[in-house]
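Reading the structure
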Amino acid sequence: MWPGLVELAKEGGANAIDTYVFWNGHELSPDNYYFEGRFDLVRFVKIVQQARMYMILRIGPFVSAEWNFGGVPVWLHYVPGTVFRTDNEPWKYYMEKFTTYIVKLLKQEKLFASQGGPIILAQIENEYGSSEQSYGDGGKRYAQWCAKMALSQNIGVPWIMCQQWDIPDPVINTCNAFYCHDFVPISVKSPKIWTENWPGWLNLFVWPTPHRPAEDIAYAVARFFQKGGSVHNYYMYHGGTNFGRTAGGVFITTSYDYDAPIDEYGLARFPKWGHLKELHEVIKLCEKALLDGETTNMSLGPLLEVTFPSSADVYTDASGGCAAFLSNSDNKTDRIVQFRNTTFNLPAWSVSILPDCKNVEFNSAKVRSQSSVVDMVPEELQSSVLLPNTDMKALQWEVFVENPGMWGEPDFSITGFVDQINITKDTTDYMWLTTSLYLDSNETLLEDDSSPVLSLKSNGHAVHVFVDQELQGSPYGGKFTAEIPISLKAGKNEIALLSMTVGLTIGLEGEQLNLYKDDDLKSFNWVPTIEPPKRQPLTWYKAVVDAPSGNEPIGLDMTDMWKGLAWLNGEQIGRYHIPRAWFKPSGNVLVIFEERGGDPTKIRFSKRKVSSICSLVSEDHPSISVESRSSAVSSVGKLSCPGNTHISSIRFASFGNPSGACGSYTRGDCHDPNSVSVVEKACLNKRECTIKLTDENFNQAACPDTVKKLAVEANCQVSEPLRWTSI
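For the structure given in this document, a descriptive report is provided here. (Residues numbered from 1 in each chain as written. Predicted model: local features only at pLDDT ≥ 70, side-chain atom pairs only at ≥ 80, totals over all residues. Heavy atoms only, no water.)

1. A word on the packing of helix 4 (residues 89-108) against helix 5 (residues 137-151)
At a closest axis distance of 11 Å, the pairing of helix 4 and helix 5 adopts a crossing angle of 25°. Classified by the angle between their axes, helix 4 and helix 5 sit roughly parallel to one another. Relative to helix 5, the crossing made by helix 4 is right-handed. Mapping the contact onto sequence places Trp 91, Lys 92, Met 95, Glu 96 and Thr 99 in helix 4 and Tyr 142, Trp 145, Cys 146 and Met 149 in helix 5. Broken down by class, the residue content of the contact of helix 4 with helix 5 amounts to six nonpolar, one polar and two charged. (Axes fitted to C-alpha atoms, helices over the stretch in contact; angles between N-to-C directions. Helix = DSSP H or I, 4+ residues; strand = E, 2+ residues; numbered from the N terminus. Parallel < 35°, antiparallel > 145°, perpendicular 65-115°, else oblique. Left-handed = near helix turned anticlockwise from the far one by under 90°. Contact = heavy atoms within 4.5 Å. Nonpolar A, V, L, I, M, F, W, Y, C, P; charged D, E, K, R; others polar.)

2. Considering the packing of helix 3 (residues 41-50) against helix 4
Running from amino to carboxyl end, helix 3 crosses helix 4 at an angle of 50°, the nearest separation of the two axes being 11 Å. The pairing of helix 3 with helix 4 is recorded here as oblique in orientation. Along this stretch, helix 3 crosses helix 4, giving a crossing that reads as right-handed. On the side of helix 3, the interface is formed by Leu 41, Val 42 and Val 45, while helix 4 contributes Ile 102, Leu 105 and Leu 106.

3. A few points about the sheet that holds strand 30 (residues 564-568)
Read from one edge to the other, the open sheet built from six strands follows the order 27-18-28-33-30-31, with strand pairing classed as antiparallel. Strands with a single pairing partner mark the edges of an open sheet, and in this sheet they are strand 27 (527-529) and strand 31 (571-572). By the bridge criterion, three bridges tie strand 18 (residues 397-401) to strand 27 in an arrangement that is antiparallel. Pairing of Glu 398 across the sheet is with Pro 528, part of strand 27. (Pairing = 2+ DSSP bridges.)

4. Remarks on the state of the cysteines
Put plainly, a disulfide is one covalent bond tying together the sulfur atoms of two cysteines. Applying the stated criterion across every chain, the model contains six disulfides. There is a disulfide in this structure between Cys 322 and Cys 357, and the S-S distance comes to 1.8 Å. The disulfide joining Cys 322 to Cys 357 has a torsion of about -75° about its S-S bond and is therefore left-handed. Of this pair, Cys 322 sits in strand 12 (residues 322-328) while Cys 357 sits in the loop between strand 15 (350-354) and strand 16 (362-363); the two residues are 35 residues apart in sequence, bridging distant segments of the chain. Per residue, the accessibility class of Cys 322 equals that of Cys 357, and both read buried. Cysteines bonded in the protein are numbered consecutively along the chain; their disulfide partners then correspond to 1-2, 3-4, 5-7, 6-12, 8-11, 9-10. (Disulfide = S-S within 2.5 Å. Buried < 20%, exposed > 50% of the residue type's maximum accessible area, 1.4 Å probe, protein only.)

5. Describing the sheet that holds strand 7 (residues 172-177)
Reading across from one edge, 1-4-5-6-7-8-9 is the order of the seven strands in this open sheet, with parallel pairing throughout. Every other strand in the sheet has two partners, leaving strand 1 (16-20) and strand 9 (231-234) as the edge strands with one partner each. Ignoring which end each strand starts from, the neighbouring axes of this sheet average 25° apart. Note: strand 1 against strand 4 (residues 54-60), five bridges, orientation parallel. Bridge pairing in strand 4 links Thr 19 to Leu 57. Strands in contact with helix 4 are strand 4, strand 5 (119-124) and strand 6 (159-162); relative to strand 4, the strand with the most contacts, it is inclined by about 160°.

6. A look at the pattern of salt bridges
Using the criterion set out here, one finds 35 salt bridges in the structure. We note a salt bridge from Arg 58 to Asp 18, for which the minimum N-O separation is 3.7 Å. Separated by 40 residues along the polypeptide, Arg 58 in strand 4 and Asp 18 in strand 1 bring together distant segments of the chain. Taken individually, Arg 58 and Asp 18 each receive the classification buried, so the pair is uniform in this respect. Members of the salt-bridge network, linked through shared partners, are Asp 87, Glu 89, Lys 92 and Arg 141. (Salt bridge = Lys/Arg side-chain N within 4 Å of Asp/Glu carboxyl O.)

7. Quick notes on the nonpolar core
Grouped together as the largest cluster of nonpolar side chains are 84 residues, with contacts concentrated most on Met 95, Leu 106, Leu 279 and Ile 353. For Leu 106, the contacting residues outside a window of four places in its chain are Leu 41, Val 42, Val 45, Leu 57, Leu 111, Phe 112, Gln 115 and Ile 119. (Core = buried A, V, L, I, M, F, W, Y, C linked by side-chain atoms within 4.5 Å.)

8. Quick notes on the environment of Asp 356
Residue placement: Asp 356 occurs in the loop between strand 15 and strand 16. For Asp 356, a relative accessible area of 34% translates into the label partly exposed. Expressed as a C-alpha distance, the spacing of Asp 356 and His 232, which sit 124 residues apart in the sequence, is 22 Å. There is a polar contact of 2.8 Å between the side chain of Asp 356 and the backbone nitrogen of Asn 359. (Polar contact = N/O pair within 3.5 Å; in protein donor to acceptor, adjacent residues only side chain to side chain.)

9. A few points about the packing of aromatic side chains
Any pair of aromatic rings gets described here by the distance separating the centres and the angle formed by the planes. Enumeration according to the criterion identifies 39 aromatic pairs in this entry. When the centroid spacing of 3.9 Å and the interplanar angle of 20° are considered together, the rings of Phe 22 and Trp 67 count as stacked. Separated by 45 residues along the polypeptide, Phe 22 in the loop between strand 1 and helix 2 (23-26) and Trp 67 in the loop between strand 4 and helix 4 bring together distant segments of the chain. Take Phe 22 and Trp 67: they sit in the same class, and that class is buried. Seen in terms of ring centroids, Tyr 235 and Tyr 256 are 6.4 Å apart; in terms of plane orientation they differ by 80°. Their pairing is edge-to-face. Of this pair, Tyr 235 sits in the loop between strand 9 and helix 7 (272-285) while Tyr 256 sits in the loop between strand 9 and helix 7, placing them 21 residues apart in sequence. The buried category is assigned to Tyr 235, whose relative accessible area is 5%. Of the aromatic side chains, those joined through ring pairs into one cluster are Tyr 20, Phe 22, Trp 67, Phe 178, Trp 198, Trp 201, Tyr 235, Tyr 256 and Tyr 258. (Phe/Tyr/Trp six-rings, centres within 6.5 Å; stacked < 30°, edge-to-face > 60°.)

10. Quick word on the side chain of Glu 402
Here Glu 402 shows up in the loop between strand 18 and helix 10 (420-424). Owing to a relative accessible area of 2%, Glu 402 belongs among the buried residues under this scheme. Within the local environment of Glu 402, its side chain forms a polar contact with the backbone nitrogen of Gly 510, the two atoms lying 2.6 Å apart.

See the structure below:
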């Protein structure tokens, strides 16, 4: 997916790609380095270079990033005397060793800008300023050591440290936040750099999916450059998926979508991607004035800057070039302002950009980009396997059921509990803890009115409770206490707890048998069946399937399953997204491990499709100058179908005062009856089209006291190739 993602970012107006380097993905054990597949760092940098883009390389090597252990290898925890991220000799030794290895690797390929490569900035550590105080003097010494160690690498490009407030020149401290226009670097010689502008937030199980409006992101970016910003970076522009067991943090999902301009599946998220693309284009129109010009700040009317925080920043250069940013930081009230003898309307919480100090080319609150409705379209699993003695295919499952508790000799026995990570060394999410309880027949716990419970207190994350191989309950939480009703009998009761990423058999039997690998030698462990068991805990399922049709991004619909793990062709896929590149045309081995019980017959693939596209544009776009409302400049609605699709039909069109959002527009009491026919004439059977809000197209005289809008929703369908016939 990398080349397509990089090109889509470039098309969106980005000119640099930022990436972390994940230490625990590259140094699997001391001096055992890995740079294959998704961890091929050099290949990724070269893809960016081939796209003629720059790169910001955030080596860390502690990176946080909601990544497992923040990128630190688990093996380092067991090096005697090691204390992470402070003035500690073992930690500093291995950190410097890895940093040096990465730098040498990239220098050999001549990938730093000083060598003609794309890497223009490098980062050491990550947001350490937020943790430094807890380490006392050792933290301060460590921060200084990080800076000096980084500079000693002699890479020929600047080093940065984000969220760090006590570093020496020439290392540059940078800002991570939702808004950074007020940020001031430590050194007056340093540029103002924003390393993380968060367009959304991370996803947590049970919690609502976070969303940040395109208007607010655009406001934040425009304000940053208005106030002298030099380098701005989105975290994330594309977040993607934390495949396998790489997601780090309590109940953080494998989806790292982040409500980013490019979604988890690699599709442009409208209107966010389009609105920011327009912003990037307009900022680049101001480039010469921003780089070479002198800055003037002025209030926009008597006491306006004090009473209502509106202001103008004007950049003028020696050649007469001029660019202006007009801002209204009042988040509720629109304002009419005077600038250079012209009256402008500034919507609440917005910035208007005038690349020539005359005409508004962009306002952060006015979204002109199209929006879209994206659906997950289900597709049944199609078997790759023929039924015996036939030429017909039917989905066949194979099943392997885990026994609760010990599946072999215990790894060790101990009285009491242990910390899971220290035992498993993070090689598995699972650990069995077993014991037994013997009850005489006259025990009060066995009386008819008795309700025995098992009390659990855990530091997280989750546990399945089994008594005599029957599931009793599945409590979970960051730290939790639970009372689980259990069934007991006279005699011996076997109690087994399947601990999941908390902290004595390590792992599952199926993991030990490598059931998830595409290996015929393991087939003797599987039991074939046409009707796989449902609602059964601790069950492995396997099916051999064809790749889904089409070329849309693919997800795995696990709605009717509970919790567990999934693999395709030996690749652990996380919860939803499966890259198309992981599929073969047929013979794909899909393996599911279900912890608590679900219905595997309802597992589906889902294709992520743009089902419709929308445009909502007002008469006061693009110019927001009050005087220009009646000028010859007309507003324009734009539609563009993705890929090889075209506009096949118009679902909705209304010029007047329509309301609603994409997918749910409704007509208002002001409506031009010719709206649909005008839009159909301009757009049908085209991949993209424009509709001008002119007198020739629409009845502008209707509803004279209304600022009219055009709302359009259109269907996109795959374009069929031309077919020719001859006689």
